[in-house]
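Close look at the chain arrangement
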Amino acid sequence: MSQDACGLDSSEGAKVQDKGKDTETWMEKAVRMRVFFYIFGTHLFAGFVWLLFYLGDHAHK
């Protein structure tokens, strides 16, 4: 059994590296989802504000 500087088996070290890659992939997906929802939410809010201005301009006074 060979151990590295941290006292882990070389096979355990490979598992830790694989988990790091999975975590990084998950974080990339999380960032993409967050960006999508922020952009979608911003456009939804802007559309709502535009609708308020449109309705206010066409209201009978």
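Note that the structure is a prediction, hence the values are computed from the model and not measured.

Attention now goes to the packing of aromatic side chains. By the definition in use, this model includes three aromatic pairs. Ring geometry for phenylalanine 36 versus phenylalanine 37: centroids 5.5 Å apart, planes at 65°, classification edge-to-face. What makes phenylalanine 37 partly exposed here is its relative accessible area of 47%. Here tryptophan 50 and tyrosine 54 contribute two aromatic rings whose centre-to-centre distance is 5.6 Å and whose plane-to-plane angle is 20°, an arrangement assigned as stacked. Separated by four residues within a single helix, tryptophan 50 and tyrosine 54 lie in helix α1 (residues 10-57), roughly one turn from each other. Judged by relative accessible area, which is 39%, tyrosine 54 ranks as partly exposed. Put simply, the rings of Phe36, Phe37 and Phe40 touch in pairs and so form one group of aromatic residues.

Right, let's talk about a nonpolar patch on the surface for a bit. On the surface, a nonpolar cluster with roughly 780 Å² of combined accessible area is contributed by Phe45, Phe48, Trp50, Leu51, Leu52, Tyr54 and Leu55. In this structure, leucine 55 sits in helix α1.

Criteria and cut-off values
- Residues numbered from 1 in each chain as written.
- Predicted model: local features only at pLDDT ≥ 70, side-chain atom pairs only at ≥ 80, totals over all residues.
- Heavy atoms only, no water.
- Phe/Tyr/Trp six-rings, centres within 6.5 Å; stacked < 30°, edge-to-face > 60°.
- Buried < 20%, exposed > 50% of the residue type's maximum accessible area, 1.4 Å probe, protein only.
- Helix = DSSP H or I, 4+ residues; strand = E, 2+ residues; numbered from the N terminus.
- Patch = residues over 30% accessible without salt bridge, like charges linked within 9 Å, V, L, I, M, F, W, Y side chains within 5 Å.
- Areas by Shrake-Rupley, 256 points an atom, 1.4 Å probe, with all protein chains shown as cover.
- Salt bridge = Lys/Arg side-chain N within 4 Å of Asp/Glu carboxyl O.

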